[in-house]
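# Structural overview for review
Listed below are the residues making up each chain.
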Amino acid sequence: HIFEECTMPIIPTGNPPALIGYYLGVASLIPLVGILTGLPAIILGGVGSSKAKANSSAGGMGHAITAIVLGLIGVLVQVGIFLFFGTVVPSEFSL
């Protein structure tokens, strides 16, 4: 009984924003998909983090932090891709 009370579930079902943000953060690493999922991952990660701080039984702090970090990385990768293909590639193909 003590062991069951001390462990948190691996999937934070009590904190849907953290869980959804986590999945969106992972999806934000996919080129072109990240355009749509990066910012929502960051926002939901922040909401999930606030919920985990306010209610420790909700859990999901790890998922929320991961959502924020992956969302930021995904957004930066998308910006890098657009800058690369917008500036480098067209100059190589100019006639």
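Residues numbered from 1 in each chain as written. Predicted model: local features only at pLDDT ≥ 70, side-chain atom pairs only at ≥ 80, totals over all residues. Heavy atoms only, no water.

## Overview of the side chain of Thr37
Structurally, Thr37 is set in helix H3 (residues 34–54). Within the local environment of Thr37, its side chain forms a polar contact with the backbone oxygen of Leu24, the two atoms lying 3.5 Å apart. Among all residues touching Thr37, those that are not within four sequence positions of it are Leu24, Ala27 and Ser28. (Helix = DSSP H or I, 4+ residues; strand = E, 2+ residues; numbered from the N terminus. Polar contact = N/O pair within 3.5 Å; in protein donor to acceptor, adjacent residues only side chain to side chain. Contact = heavy atoms within 4.5 Å.)

## Quick look at the packing of aromatic side chains
The description of an aromatic ring pair uses the distance of the two centres, along with the angle that the planes make with each other. By the definition in use, this model includes two aromatic pairs. Taking the centre distance of 5.5 Å and the plane angle of 65° together, the rings of Tyr22 and Tyr23 count as edge-to-face. Judged by relative accessible area, which is 47%, Tyr23 ranks as partly exposed. Geometrically, the ring pair formed by Phe84 and Phe85 is edge-to-face, given 5.1 Å between the ring centres and 80° between the ring planes. (Phe/Tyr/Trp six-rings, centres within 6.5 Å; stacked < 30°, edge-to-face > 60°. Buried < 20%, exposed > 50% of the residue type's maximum accessible area, 1.4 Å probe, protein only.)

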